[in-house]
Structures are given as C-alpha cells and as structure tokens.
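Per-entry structural report
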Amino acid sequence: MSQDGGSQRAQDGATGGEQPGASYRAAGVDYDALDAGKRLAMAKALSTSPLLAGRGGRALDASRGEPAFVFELGSQTFAFVVEGLGTKSIIARHVLEQQGIDRFADVAYDTVAAILNDLCCVGALPLVLNAYFATGASEWYLQRERSASLLEGWRRACADAGCVWGGGESPSLPGMLTEEDIELAGAAVGAVPAGRSAILGERLAPGDEIVLVASSGLHANGASLARLVAGRLSDGYATKLASGETFGAALLEPSVMYVPLIAAVLEADVELTYLSHITGHGLLKLMRPPRQLSYRIERLPAVPAVLSFLVEQAAYSTFNMGTGYALYCGAGDGERIVAIATGLGLSALVGGRVEEGPRQVLLEPAGVRFASDRLELSVQ
C-alpha cells in the first residue's frame, strides 16, 4: 500500500502549499484565526475547572487542546466532545439538485463519524450521542425522502459505533442559514474502559511506532475548499475524475468509522501512547501533542483519486491525503494493530516512528516537512 503520497507538493511544508486563490482562506476559512480563537476559548475555559470539584468530579486539564475533554467522576473517567460536519451538506444538496442523487445518508454518517472518531482519540468509547440539525427553514423536512435518508444515515452510524442516539435539537434559524441548507452537528459522551487511563500523549516516547489507517476520501474536512474548486470547474460536481467517478460523488464517499478499531485495539491490550484523528490541518495533525518530538513518516497509504485531484487545485496540508487515523504505540506493536485493522476490513500500515528532535512532521515519501509553528492547538 505504500506509495508516494504527493511528491508534486514537495514544497508545501516550506511555503504553505497554497495556490493563489485556491486556499482555505480564499474559501472563507482562516485556520490561523480559528486556532487563535480556540486557544483563547480554552484559556477562558481553564478557569472553570475547579467548579467540577463541587459536583464530586475532577477536570483533566491535560486534555484541553485534545479532540475531547476528559473528566473524572468517582472511579470512572469520561470524555465529552462537540463536533460538526461543516459545509459538506451543501455539496450533498448540489449533487441532489444537479444529478438527482440523494447522499444525505452519507453526510449524516460523516457527522457521526467526525464526532465519535474525535471522542476515541483520548481512549474513550462512545456511550450516548445527541444530534443538532439546524435549518434555515422548517420546510426543509418536507422533502420526505431526503429527511428519511438523513435520519437513517445517522442511525446507521450510531449502530456501527455501538453508540446510543439519545435525542437532539432541530432549530429553524431563518436569516442565519439559507432555506435550502441544513447544518449537522452533535455532542457525545464516552467512557474510558475500566482499568485504563485516558490517552493524552504523556507516554509518547522516541521509538514509538505510528500506524496510519486509510481514509475513504474527503471525510468531513476540506469541504469549503472543495466547493471553491467545484465552482471553478466547467462541469462543477459532474466533472469526471481519473477513477471514473464524478467529483461530487467522490467528495460524498462516507467517512470511515474508526470506533470499532479503537475498541478492538483496547480490548487486545495493545499499549497505545497517542491517537490522532486526521481531520482539519491534514497530516499536520500527526504532531498534535504539545511535545518536543519529531514524527518521521516513511510510508503513506494510497491517496484517493479525489484528494489527488484536489491537491492539484489547492493545498496539500488541508486534506487527510489518504490517512484518516493515526495510532501511536510501543516499538513492535504496530503490526499487531495492522492485523487488527485488516481483520475489520480496514487498510493500515506502520508508517513511521516518533523520534527525538524538534516538534515537526517529516513526510519522506512526499518530500514535505511541517514545522512546529504550523500547528498550535494547546492552551500553552
């Protein structure tokens, strides 16, 4: 499965890898501004941690900046996360309007996967998930087949993850959202298995192996940039890719649900030292831990055709580039994780290792280096 994961963008780590007018900023999403806002919010949130003691609990502040917040109550460790789909539902609307293909089940699945894959990053397994479906007009639900498709996709994703769908909220927000669109998001609570502690990166060490698990395509990140690209193509979402698929259909390939993999690895008692859900920021997320360590990648999964096409038009560092999840483990355990993933029908490989050195990602097959200043999500 190893291949050159994008050598045509070898300059990306040094220059930012954005073609003029084809950047996330041009699409209306500025990660520098968003990350600064997140850090400020986390700093404010940190001041509330002592309040949990009044309810008999304890906040694990080391989890701030991780994909899920971790707290203890009694002898149990819980994780909590809020996440959203972003603008991928707009792509689903255009594909339905222009090609008559209903993919709302898939974007619902994407949303649940985005939420629960994040939750698992701290070593928790999902218990309950609540939905948030916001529309610009309550009439959105009058298209019965589309509504039924959406709800079934959400249910199926919860079933695949072994997670209860508890309920949710469905506000109508005229003036905030267009009448044609729906915003999908949700929140979930999970628990760290008994006898285990949360996985927050403190046990990461030089020599640890990094297992890369393949993505199915875009997943739930990069949709705004993909929409910008589609608007510049003469055939838009109907553009044919080298794979024979249309651009729109390939963008809407549902995300991989990694919850069963994490559950199986934890059950197998493999010692995991970190977990990273490769979403926004792409492979920069390999250095999410605020540690002075280097992450050297020598092999990458195959890049889906739709991502190769997008990279020709836009930024390498935006997309997952064929890697949806990274599992870090002690030396020698990587192949055990690969075997577990293979048994679940997932494609995985031991891609690299953790090394002593400055905080950076070295993607050798692509000739890319991401320096520490490209990603800072911690309160520090």
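Residues numbered from 1 in each chain as written. Predicted model: local features only at pLDDT ≥ 70, side-chain atom pairs only at ≥ 80, totals over all residues. Heavy atoms only, no water.

1. Observations regarding the nonpolar core
Our working definition: Residues belong to a common nonpolar core when they are buried Ala, Val, Leu, Ile, Met, Phe, Trp, Tyr or Cys residues joined through side-chain atoms within 4.5 Å. Residue burial is assigned from relative accessible area. The probe radius is 1.4 Å, only protein chains are included, and a residue is buried under 20% of its type maximum, exposed over 50%, and partly exposed in between. Secondary structure follows DSSP: runs of H or I at least 4 residues long count as helices, runs of E at least 2 residues long count as strands, and numbering of each begins at the N terminus. It only takes one pair of heavy atoms within 4.5 Å for two residues to be counted as in contact.
Grouped together as the largest cluster of nonpolar side chains are 107 residues, with contacts concentrated most on Leu116, Phe247, Leu286, Leu310 and Leu327. With 11 residues, the single largest contributor to this core is helix H4 (residues 104–120). With sequence-adjacent residues up to four places away left out, leucine 327 is seen in contact with Glu209, Ile210, Val211, Val213, Leu261, Ile262, Val265, Leu272, Tyr274, Leu275 and Ile337.

2. Digging into the pairing of strand E10 (residues 323–329)
Put simply, the rule reads: The pairing criterion is simple: DSSP has to find at least two bridges between the two strands.
Of all the 7 residues making up E10, 7 are buried; the element is thus mostly covered by neighbouring parts of the structure. Where strand E8 (residues 272–277) and E10 come together, 5 bridges link them in antiparallel fashion. Looking at E10, one finds that histidine 277 is bridged to tyrosine 325.

3. Re the pairing of strand E7 (residues 209–214)
Burial of E7 is extensive: 6 of the 6 residues sit out of reach of the surface. Neither face of E7 is exposed, since Glu209, Val211 and Val213 on one face and Ile210, Leu212 and Ala214 on the opposite face are all buried. Inspection of the sheet shows E7 paired to E10 by 6 bridges, in the antiparallel sense. Across the sheet, the residue bridging to isoleucine 210 is tyrosine 328, located in E10. When E7 meets strand E11 (residues 348–356), the two strands line up antiparallel, connected through 5 bridges.

4. What about the sheet that holds strand E3 (residues 76–84)?
In plain terms, the rule: The axes used here are C-alpha line fits, helices contributing only the stretch in contact, and every angle between their N-to-C directions lies in the interval 0 to 180 degrees.
Taken in spatial order, the 6 strands line up as E1-E2-E3-E6-E4-E5 in an open sheet, and their pairing is mixed. Of all strands in the sheet, those bounded by a partner on one side alone are strand E1 (57–60) and strand E5 (164–169). Across the sheet, the axes of successive neighbouring strands diverge by a mean angle of 20°, strand direction being ignored. Inspection of the sheet shows strand E4 (residues 125–135) paired to E5 by 5 bridges, in the parallel sense. The partner of tyrosine 132 across the bridge, within E5, is glutamate 169. Across the sheet, helix H5 (residues 144–161) lies against E4, E5 and strand E6 (182–191), angled at about 165° from E4, the strand it touches most.

5. Some remarks on the pattern of salt bridges
Formally: Think of a salt bridge as a Lys or Arg side-chain nitrogen and an Asp or Glu carboxyl oxygen that are within 4 Å of each other.
The tally for this structure, following the rule as stated, stands at 15 salt bridges. Between arginine 203 and glutamate 202 there is a salt bridge, with the nearest N and O atoms lying 3.4 Å from each other. Glutamate 355 is paired through a salt bridge with arginine 296; the nearest N and O atoms lie 2.9 Å apart. Residue glutamate 355 is found in strand E11, and its partner arginine 296 is found in strand E9 (residues 293–297); the two are separated by 59 residues along the sequence. Residue classification places arginine 296 among the partly exposed positions, given a relative accessible area of 22%.

6. A look at the sheet that holds E8
Strand order in the open sheet formed by 7 strands is E8-E10-E7-E11-E9-E12-E13, and the pairing between neighbours is mixed. In the strand order of this sheet, the two ends are held by E8 and strand E13 (368–371), each with one partner. Each neighbouring strand pair of the sheet contributes to a mean axis angle of 20°, computed without reference to strand direction. Docked against the sheet, helix H8 (residues 259–267) engages E7, E8 and E10, running at close to 15° with respect to E10. On the sheet, helix H10 (residues 334–343) packs against E7, E8, E10 and E11 and is oriented at approximately 150° with respect to E11.

7. Points about the side chain of serine 276
Rules: Whenever a nitrogen or oxygen atom comes within 3.5 Å of another N or O atom, the pair is scored as a polar contact, on the condition that within protein one atom can donate a hydrogen and the other can accept it, and that pairs from neighbouring residues in sequence are kept only if both atoms are in side chains.
Among the secondary structure elements, serine 276 is positioned in strand E8. By relative accessible area, which is 1% here, serine 276 ends up buried. Within the structure, serine 276 has its side chain in polar contact with the backbone oxygen of lysine 285 (distance 2.8 Å). Those residues in contact with serine 276 that sit more than four places away from it in its chain are Cys121, Lys285, Leu286, Gly324, Tyr325, Ala326 and Tyr328.

8. Observations concerning H4
Quick reminder of the rule: Each residue after the first adds 1.5 Å to the expected span of a helix.
The end-to-end C-alpha distance of H4 is 24 Å, a good match for the 24 Å that 17 residues give at a rise of 1.5 Å each. Counting buried residues along H4, 17 of its 17 residues qualify, which places the element largely inside the surrounding structure.

9. Some remarks on the environment of aspartate 373
Assignment of secondary structure puts aspartate 373 in the segment after E13. With a relative accessible area of 70%, aspartate 373 lands in the exposed category.

10. A closer look at the state of the cysteines
Stated precisely, the cut-off is as follows: In this description, the term disulfide denotes a pair of cysteine sulfurs within 2.5 Å.
Following the criterion strictly, the structure yields 0 disulfides and no others. Unpaired in this structure, cysteine 120 has its nearest cysteine sulfur neighbour in cysteine 121, at a distance of 7.5 Å.

11. Some words on a nonpolar patch on the surface
Applicable threshold: Nonpolar side chains (Val, Leu, Ile, Met, Phe, Trp, Tyr) are joined into patches within 5 Å and like charges within 9 Å, using only residues with over 30% relative accessible area and no salt bridge. Residue exposure ignores everything except the shown protein chains as possible cover, and the areas themselves are Shrake-Rupley values with a 1.4 Å probe.
Taken together, the side chains of Leu127, Val128 and Val164 make up a nonpolar region of the molecular surface, amounting to roughly 230 Å² of accessible area. Mapped onto the elements, valine 128 comes out in strand E4.

12. Digging into the confidence of the model for the protein chain
Selection rule: Every residue is assigned a pLDDT by the predictor, reflecting its confidence on a scale from 0 to 100.
Model confidence for the protein chain is summarised by a mean pLDDT of 89, while 88% of its residues fall at 70 or above. Note on residues 1–21: pLDDT is under 50 here. Beyond four places in sequence and across chains, it has 64 contacts.

13. Some points on the packing of H8 against H10
Selection criterion: Any angle between 65 and 115 degrees counts as roughly perpendicular, while under 35 counts as roughly parallel, over 145 as roughly antiparallel, and the rest as oblique. Put simply, a crossing is left-handed when the front helix is turned counterclockwise from the back one by less than a right angle, and right-handed when it is turned clockwise. Here the term charged refers only to Asp, Glu, Lys and Arg, the term nonpolar to Ala, Val, Leu, Ile, Met, Phe, Trp, Tyr, Cys and Pro, and the term polar to all other amino acids, Gly among them.
Contact geometry of H8 with H10 gives a least axis separation of 10 Å together with a crossing angle of 135°. The angle between the axes of H8 and H10 places the two elements in the oblique class. For H8 against H10, the interelement crossing comes out right-handed. Across from Leu261, Ala264 and Val265 in H8, the residues of H10 making contact are Ile337, Ile340 and Ala341. When its residues are assigned to classes, the contact of H8 with H10 shows 6 nonpolar, no polar and no charged.

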